[in-house]
Amino acid sequence: FPSHDSPGIDKFVFFGLQAFLVDLNEAFNSNFFNLDEATAVANYDSFHTEFFGAPSEFNNEQVRELHKLGHLPILIKVLPEGSVVNHNLPVATLRSTDDNLFWFTQWIETWMSDSIWKPCTSATTGYYYRKIFNKYNALTSDVDWLPDFQGHDFSMRGMSNVLDACASGAGHLLSFKGTDSLPVIDWIHNYYPRENGLVGTSVPATEHSVACAFLPEFTNNTDESDTAYIQNVLNIYPTGIVSAVCDTYDFWHLVTQILPKFKDQIMSRDGKLVIRPDSSPKTPVEVIIGDSEAPEGTPEHKGLVQCLYEIFGGTTNSKGFIDLDSHIGVIYGDSITLEYCEAILDGLMKKGFSSNNIVLGIGSYTYQYVTRDTHGIAIKCTAVSSGTGEDRHWRATFKDPKTDNSGKKSALGFLRMDLVNGEYVLTQNVSEEEEAGGALELVFENGKLLRHQSFADVRAELAKFQ
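Residues numbered from 1 in each chain as written. Predicted model: local features only at pLDDT ≥ 70, side-chain atom pairs only at ≥ 80, totals over all residues. Heavy atoms only, no water.

Student: Tell me about the pairing of strand 15 (residues 414–420), and name the residues and values.
Tutor: Two strands pair when backbone bridges link them, and strand 15 and strand 16 (residues 423–430) are joined in this way by six bridges, in the antiparallel orientation. Directly across from Phe-414, in strand 16, lies its bridge partner Val-430. Between strand 15 and the antiparallel strand that follows it, strand 16, lie two residues; Asn-421 among them carries a positive phi value of about 55°. (Pairing = 2+ DSSP bridges. Helix = DSSP H or I, 4+ residues; strand = E, 2+ residues; numbered from the N terminus.)

Dropping the structure here:
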């Protein structure tokens, strides 16, 4: 139940449970149910004995009963993935389906939590980035489709591992179609298959290792290096979009003194050369829109977009804002945040430039500087039962620590979620009959995945909340 509001963020995006359920089934089938009973129990006994220092016949018997049952004794109901939900509301409920193996719902809590909090959190962040791009696109641009590509995933090398990058990168791609996290494409096709259209794409781009490779051996002349580097980029990519990192040495000198030498060649290309600064003495904002504290008339004061406009020109769109000439563009991806994104687009608008002129690389500075507590994602017990059959009695329970002021209080009893006027609403402590209805849909029961969403389905669900 997400509960901790980030600044300006009061909702979260539900995403990633289907991938977890696929992995859960595959892991138990391969490593437990498909083994003979003796081997499965012996494997558990060996682990328990090593970890706790002693065997447990009671636990072994529980494991034996689970193996005899032959499936995972849980029932899971969830909202559609891609739903946008207020903090403190449940997106999923779990319930035991076997009186003797009631403990299994608790057993998978940690596994489920650490599998879904990151894709939910990244999907939420991407969703709020997309809202910013949509806002300035509506105010300053004629190109409706451009926001699909204005947030580009630069995060992979800063994530904790490839699987982390994939789960997070899939959350990003719910709101955008630009990514440099290449393995995420296969991850999506594996866990959210069917006809998904364009999942993610990118363009050729250089790195600093390429840019510095042209440094003369004896003179270390950086002007010669940058000149040869830009010429090489244009030679290798005579057409199409290509991104060139340009701050390996003196960024402003390259932009104002070296790029103009290639103006005719750039303007005659069938494509766009995208200029990428990758560092800033202050924040990303000043590099793009200019630093008011820099000496007037200097490139630093003007900012990159203004400098490129003065060199390559542009046109005024129907909303009265300047678009750079189609042969030149800008991407920036170092330490971007939601706040910097808003400041850059707002600063461009105030200078008379459209949001068309910038693509932002969203990296691990955004997608890795988060925790499970960013949105307070947790699993809580809300109801327990005693007795069996007709004698079964359910009673509501909840958590509400007096020592907490951060929102750890949980919901109470059986829960029902309903979509009312575009907002999900929770009703707590309802009857079993009432709980059976509402927006929470049965997706997993006794080892069977009952609902499969494609990635296109999840994108379409999220689009309802844009």
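Student: Before we move on, could you go through the packing of aromatic side chains and cite the residues and values that matter?
Tutor: Taken as a whole, this structure holds 26 aromatic pairs when the rule is applied. Taking 5.7 Å as the distance between ring centres and 80° as the angle between the ring planes, the aromatic pair formed by Tyr-309 and Phe-353 counts as edge-to-face. Taken together, the residues span a long stretch of sequence, with Tyr-309 in helix 15 (residues 304–312) and Phe-353 in the loop between helix 16 (338–350) and strand 12 (359–362) at a distance of 44 residues. Using a relative accessible area of 28% as the deciding quantity, one classes Tyr-309 as partly exposed. Given a relative accessible area of 1%, Phe-353 falls into the buried group. (Phe/Tyr/Trp six-rings, centres within 6.5 Å; stacked < 30°, edge-to-face > 60°. Buried < 20%, exposed > 50% of the residue type's maximum accessible area, 1.4 Å probe, protein only.)

Student: How would you sum up the sheet that holds strand 11 (residues 328–332)? Please name residues and give values.
Tutor: In spatial order, the strands read 6-5-12-11-8-7; together these six strands make up an open sheet with parallel pairing. Since the sheet does not close on itself, it has two edges, and those belong to strand 6 (178–179) and strand 7 (242–245), each with one partner. Bridge analysis of strand 8 (residues 273–276) against strand 11 gives three bridges, and the strand direction is parallel. Bridged to Val-274 within strand 11 is Gly-329.

What is shown is where atoms sit, not what they do.
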